[in-house]
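Take a look at the letters that make up each chain.
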Amino acid sequence: MIMENTKSNRKPYWFFSRYPIDGLVEFFKRKAVPIHRHTIWYYLGGTTLFLFAIQAVTGILLLLYYRPTEEAAFASVQFIMTKVRFGWLIRSVHSWSANLMVLSCFIHMFSTFLLKAYRSPREFSWITGSLLLFITLAFGFSGYLLPWNEISYFGTRVATESIASIPVIGHYLLVFFRGGEDVSGATLTRFFGFHVAVLPLLLTMLLIVHLLMVQVQGMSVPPSVESQPGPRPKTSPFFPNFILKDALGWLITLGLLAMLAALYPWELGVKADPFAPAPAGIKPEWYFLFLFQTLKYIPATIFSLSGEMIAVMTFSVVGILWALVPFIDRRANRGLKSPVFTIIGIGAIAYIVIMTIVACMASKQ
Amino acid sequence: MMKLNRIWVFVVLSVSIFGSSVYGEDSCVQCHKTLDGALSSPVNELANDIHAQRGLSCASCHGGDPVAGLNGDAQAAMNTKKGYLGVPATKDIPKFCARCHSDETYMRKYRPNIATDQLAQYQTSQHGKLLGKGDKKVATCVSCHRAHGIRSAKDPLSAVYPTNIPKTCGRCHSDSKYMEEYKIPVDQFNKYRQSVHGIALLEKGSRSAPACNNCHGNHGAFPPEVSSISQVCGVCHLHNLELFSKSPHSRAFKQMGLPECESCHGNHEIKKTDDAMLGTESKSNCVGCHDQDSPGYKVAAAMKKIILQLRTTIEQANTLLAQAERAGVEIGDTKFVINDAYNDLVKSRSIVHSFSTAEVEKTTSQGLKLAEQALKEGKEALKEVQARRRWLVMVMVIVFAAATLLYLKIREIEKKGQA
């Protein structure tokens, strides 16, 4: 039944007469993005979101053929790569997009950190963002095992071993994640469940909150721009200017993904044999390498406590503090320059980059 | 008092008898460990000796009365009237050991399935025959097994453990001065070390490879005679023996007195086989006997042709598949096909021993079908690579065009906005 008392005279009438969302439309019409020398960094959140959309679509397509059992997982991925039409493309895009998404997420996180976007009133955008980063890493970790090849099996085994070093609950956590004492078919099924059900649900819920907060609060302007004398920075309409530029970025990303998938297709590898010894130089995916390399430098015991336990606890504490940085950086909250946290941010980036390079070079030797 | 003395004698005797039957408290050991050089070395080696581990003592082999020697009276212990045999002469060593080792009733106590025909075998061997003629230089039991510190043949440190046997035989057989009077080659060990068997056993530790005793025998060591070489090789290479014995070469070689397998493969320096051994080129084994235009020459050429054809097709397929794999196309299934083709190639090389082109062709034609299938799949994989590259170019053109249009639109909108 047509609502005759609507105020809307927008086209298409049949829609707006039924759904009075004029207010929302006006909001998006007025939505503007600040233009300044750091505007380029605003695109990274959207790029990460675009890559997640690619993951969702290619993931659903892979789900049509993938079988999450120890016996069939590898064969099903092999089937996708060799027999399914464009299966090789979907799988390679999914793998490359996963890596690009993690990279984009890290850059987005560090750019918002260095631009102090976490300061009041955007504290919870930062916290939801940190959780989104952890979930993205969990996606990468759980997805890595699913092809059930040699590298992914042994990589998962090595990576999950560190969990046991957490005091008190370490062993229970290890058994929970592995579905048993060792990495097995139970681990595969479990990781599959996390990867296609639990993590997408969590990510979607957090993403909605994260995006909602960005819409309601608008884009943060860095203190260095805000404190400049003179008029306030110019703005550009979100629709159509910013969204078209976003789309341009997404198009370039899509082109890059197509090139990577076609020229450097993702390897199938060799089927995992749990009874074989681990291949020499086994290491986790690149985004965990800096943690892996740090563990290698920690001595076996520190003041008669397990070095590994101290390292894992330190990583956890650093992660928690990182998520809580809006409540720690008081100066930024007051709109003042906060060089200490800028240095911490640059230091963290340098540490991660250097340790990752060192780990890559060490394994090549 | 007399009763007390008797009790004491009884106690002392019991302790001595009991003590003398426990290893380490033997009066032979007690005395000989205080001596120097060769007289004390048997005691030092007792810990590793299988006889001592099974509860036997010095007297078990050498006789005598160790109990009598408990009070330090060596002469009483080494009393010939008490059965003391001393160190046996070289010519007597086999019979010395055979007193127990040829006695099945006795040996059954220690290991029911142990062989007890060593002496009988030894007496048929070249070593045994020469020993019987008074030659003291030949190997006797102790030359290989040692006199004391005799380890089980299953012990990797034993001189007769399979990986150690070539070196043990080589101690004499590679010594040109020692072997001068026998006028036989002394290069067997060196040749064997470079052979496919030697590399397998000595470098790779593969226990399936033969050592000297597998072909020549253990105790009845004698080179295999000309007519039985194929039977000896056939112990492991059974399929080749069956093919060879039904082939025309079997009768021909027998008539000509040729040493069967050795004629083409050598004896000690058996190298890894090569397709160059077959065919009509100057380096092949076939042209050594078969003249041009002879039936054998034609068979050699025909067999070589079909095997080479299969090998070449497999190599071509492998090259294409490797290219495709490097370019990112998955070729897992085709790898199974090429593997089967390769297995047929290996089989056909073995079937060469039938010296029948028709027999070889049965397997090569099967392998060729598979190799051609793999070649076809390899070509398709490369076509797929090209197709992907073409599609990529098209997609990139579309993406570039769309990006350019988008960029122009954005510029237009920005200009309008500024205006």
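Quick caveat: nothing in here was measured; it's all calculated off a predicted structure. (Residues numbered from 1 in each chain as written. Chains lettered and ligands numbered in written order. Predicted model: local features only at pLDDT ≥ 70, side-chain atom pairs only at ≥ 80, totals over all residues.)

### Here's the deal with the overall build of chain A
The condition that has to hold: Segments assigned H or I by DSSP are reported as helices when at least four residues long, segments assigned E as strands when at least two residues long, and all are numbered from the N terminus. The burial criterion counts other C-beta atoms lying within 10 Å of a residue's C-beta, which is placed from the backbone; the residue is buried at 20 or more, exposed at 12 or fewer, and partly exposed between these limits. Our contact criterion uses C-beta atoms placed from the backbone: two residues qualify when those atoms are within 7 Å.
Along its length, chain A carries 16 helices and 4 strands. Dimensions along the principal axes, computed over C-alpha positions, put chain A at roughly 70 × 55 × 40 Å. The buried share among the 365 residues of chain A stands at 30%. Long-range pairs, those at least 24 residues apart, make up 75% of the contacts in chain A with a sequence separation of at least 6.

### Structural notes on the domain arrangement of chain B
Residue and element names in this part refer to chain B. Quick note on the threshold: Where each domain starts and ends follows an automatic or database-derived domain assignment. Only Asp, Glu, Lys and Arg are considered charged, only Ala, Val, Leu, Ile, Met, Phe, Trp, Tyr, Cys and Pro nonpolar, and every remaining residue, Gly among them, polar.
Each domain of chain B was delimited in the assignment, giving domain 1 (1-87), domain 2 (113-223), domain 3 (224-271) and domain 4 (295-384). In this structure, domain 3 and domain 4 have C-alpha centres spaced 28 Å apart. Counting residues at the interface gives 8 residues for domain 3 and 5 residues for domain 4. For the side of domain 3 that touches domain 4, the secondary-structure elements that each account for two or more residues are helix H17 (238-246) and helix H18 (248-256). A per-class count over the side of domain 3 that touches domain 4 returns 3 nonpolar, 4 polar and 1 charged.

### Section: unusual backbone geometry
Here the residue pair Ser 120 of chain A and Pro 121 of chain A is connected by a cis peptide bond, since its omega of 5° sits within 30 degrees of zero. Here Pro 121 of chain A is to be found in the loop between helix H5 (87-114) and helix H6 (123-145). For the bond running from Phe 239 of chain A to Pro 240 of chain A, omega is 0°, close enough to zero to count as cis. Of note, the phi angle at Lys 183 of chain B is positive, near 55°, even though the residue is not glycine. Mapped onto the fold, Lys 183 of chain B is located in the loop between helix H12 (165-173) and helix H13 (188-194). Residue classification places Lys 183 of chain B among the exposed positions, given that 6 C-beta atoms sit within 10 Å. Phi is positive for Glu 260 of chain B, which is not a glycine, with a value near 30°. Tracing the chain through its elements places Glu 260 of chain B in helix H19 (residues 260-265). Given 24 C-beta atoms within 10 Å, Glu 260 of chain B falls into the buried group.

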